[in-house]
Amino acid sequence: MDVSDGALNSLAVTLADGRGATGVVLGVIGVLLVAMLIGAFWLGKRRHDQELPPPRPDEQPVGPDHRSHAEQADVHGDDRFPADGRGLSPYELGESGNEPIRHEDDNKRD
């Protein structure tokens with residue numbers, strides 16, 4: 001009795017059937033996908049191990065002793081909300097959204 005011939009015939013019948021072929025193809029794709037994910041994880045881990053470690057606290061850059069930025073006054077002018085806390089209507093806002101913002105040094109150039 002030849003057992004291998006029966007096994008080959010069984011595989012051939014499985015692959016010839018539409019549903020069996022789809023199952024085998026999806027199984028192979030699944031195994032390849034899992035192998036690719038494992039390989040990507042392994043490669044990422046190797047690259048991470050080759051990176052330099054984070055700096056120690058004594059290797060951190062030292063901040064300056066003086067202020068490194070200059071604070072400016074509000075460039076939007078003195079638009080204030082009403083004292084009673086109510087909201088302004090659109091006609092009460094005026095044309096402030098359409099005019100350019102004037103700086104203090106702009107007045108000196110005139």
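Residues numbered from 1 in each chain as written. Predicted model: local features only at pLDDT ≥ 70, side-chain atom pairs only at ≥ 80, totals over all residues. Heavy atoms only, no water.

Visitor: Any details on the overall build of the protein chain? Residues and values, ideally.
Guide: Counting its regular elements, the protein chain contains four helices and zero strands. Put simply, the protein chain runs from its N terminus to its C terminus through helices and strands in the order α-α-α-α. In the protein chain, which comprises 110 residues, the share counted as buried stands at 2%. (Helix = DSSP H or I, 4+ residues; strand = E, 2+ residues; numbered from the N terminus. Buried < 20%, exposed > 50% of the residue type's maximum accessible area, 1.4 Å probe, protein only.)

Visitor: Describe in detail the confidence of the model for the protein chain, supporting the description with residues and values.
Guide: Low-pLDDT stretches of the model should not have their predicted coordinates read in fine detail. Across the protein chain, the average pLDDT comes to 75, with 58% of residues at 70 or higher. Here helix H4 (residues 104-109) stands out as the least confident element of the protein chain, with mean pLDDT 58; helix H2 (residues 18-50) is the most confident, with 90. (pLDDT = per-residue confidence, 0-100.)

Visitor: Mind laying out the pattern of salt bridges, listing which residues take part and the relevant values?
Guide: Applying the stated criterion across every chain, the model contains three salt bridges. Between Asp58 and Arg56 there is a salt bridge, with its nearest N and O atoms 3.4 Å apart. A relative accessible area of 48% places Arg56 in the partly exposed class. Measuring nitrogen to oxygen at the nearest pair gives 3.5 Å for the salt bridge that ties Asp84 to Arg86. By relative accessible area, which is 40% here, Arg86 ends up partly exposed. One continuous salt-bridge network, built from bridges that share partners, spans Arg56, Asp58 and Glu59. (Salt bridge = Lys/Arg side-chain N within 4 Å of Asp/Glu carboxyl O.)

Visitor: Account for a nonpolar patch on the surface, with residues named and values stated.
Guide: Together, Val24, Val28 and Leu32 give the surface a local cluster of nonpolar side chains, amounting to about 240 Å² of exposed area. Here Val28 shows up in helix H2. Look at Val28 and you get partly exposed, because its relative accessible area is 46%. (Patch = residues over 30% accessible without salt bridge, like charges linked within 9 Å, V, L, I, M, F, W, Y side chains within 5 Å. Areas by Shrake-Rupley, 256 points an atom, 1.4 Å probe, with all protein chains shown as cover.)

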